[in-house]
Amino acid sequence: MIDIETLKQLNMPKKIALTKHATQRLEERDIKIADIVNGIKTGDIIRQYEDDKPLPSCLILGMSAKNRYIHIVVSHDNNFIYLITAYYPTSKHWENDFRTRKE
């Protein structure tokens, strides 16, 4: 199980690894690394994906640097946070608290 405090200790731009896919999604969604850092800093883990491979991952709800709710999916090892994806949740798919997915 991933602990938010562990993520907060690793939470700095040079410790966040991006895949090509994640980089493309951030560009498409106008999300900057500062938004990711602030989202982790202010965030809470709202879902754990313990069976993900190669590492367990989690969904974080936090606030972007632009003060918008942001969802961030990450995994980590002892050295890096691995950004899987990030997006701004919408009321189309999420309840007003952005913690509960609509059925």
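Refer to the structure printed above.
In this report, we go over the structure that sits alongside the text. Everything numeric here is computed off the predicted structure, so don't read it as measured data.

Let's shift gears to the nonpolar core. One finds L7, I36, I60, I72, V74, L83 and A86 to be the most contacted residues of the largest nonpolar core, which totals 20 residues. Contributing elements (two or more residues each) for this core: α1 (4–10), α2 (20–28), α3 (33–42), β3 (57–63), β4 (69–76) and β5 (81–87). With sequence-adjacent residues up to four places away left out, I60 is seen in contact with I4, L7, G39, I40, G43, D44, I45, I70, H71, I72 and V74. The next biggest cluster of nonpolar side chains, apart from the first, holds seven residues, and it includes L59, V73, Y87 and F98.

With that settled, the discussion passes to the pattern of salt bridges. Opposite charge on two side chains makes pairing possible when the charged atoms of those side chains draw close. Evaluated as defined, the whole model comprises four salt bridges. With its nearest N and O atoms 3.0 Å apart, the salt bridge here joins E28 to R25. On the criterion of helical spacing, the pair formed by E28 and R25 is a turn pair, its members being three residues apart in helix α2. Using a relative accessible area of 24% as the deciding quantity, one classes R25 as partly exposed.

A separate point is α3. Residues of α3 that are buried include every one of D35, I36, V37, G39 and I40, and no others. Of the surrounding secondary structure, the elements contacted by the buried residues of α3 are α1, β1 (16–18), α2, β3, β4 and β5.

Cut-offs and rules
Residues numbered from 1 in each chain as written. Predicted model: local features only at pLDDT ≥ 70, side-chain atom pairs only at ≥ 80, totals over all residues. Heavy atoms only, no water. Core = buried A, V, L, I, M, F, W, Y, C linked by side-chain atoms within 4.5 Å. Buried < 20%, exposed > 50% of the residue type's maximum accessible area, 1.4 Å probe, protein only. Helix = DSSP H or I, 4+ residues; strand = E, 2+ residues; numbered from the N terminus. Contact = heavy atoms within 4.5 Å. Salt bridge = Lys/Arg side-chain N within 4 Å of Asp/Glu carboxyl O.

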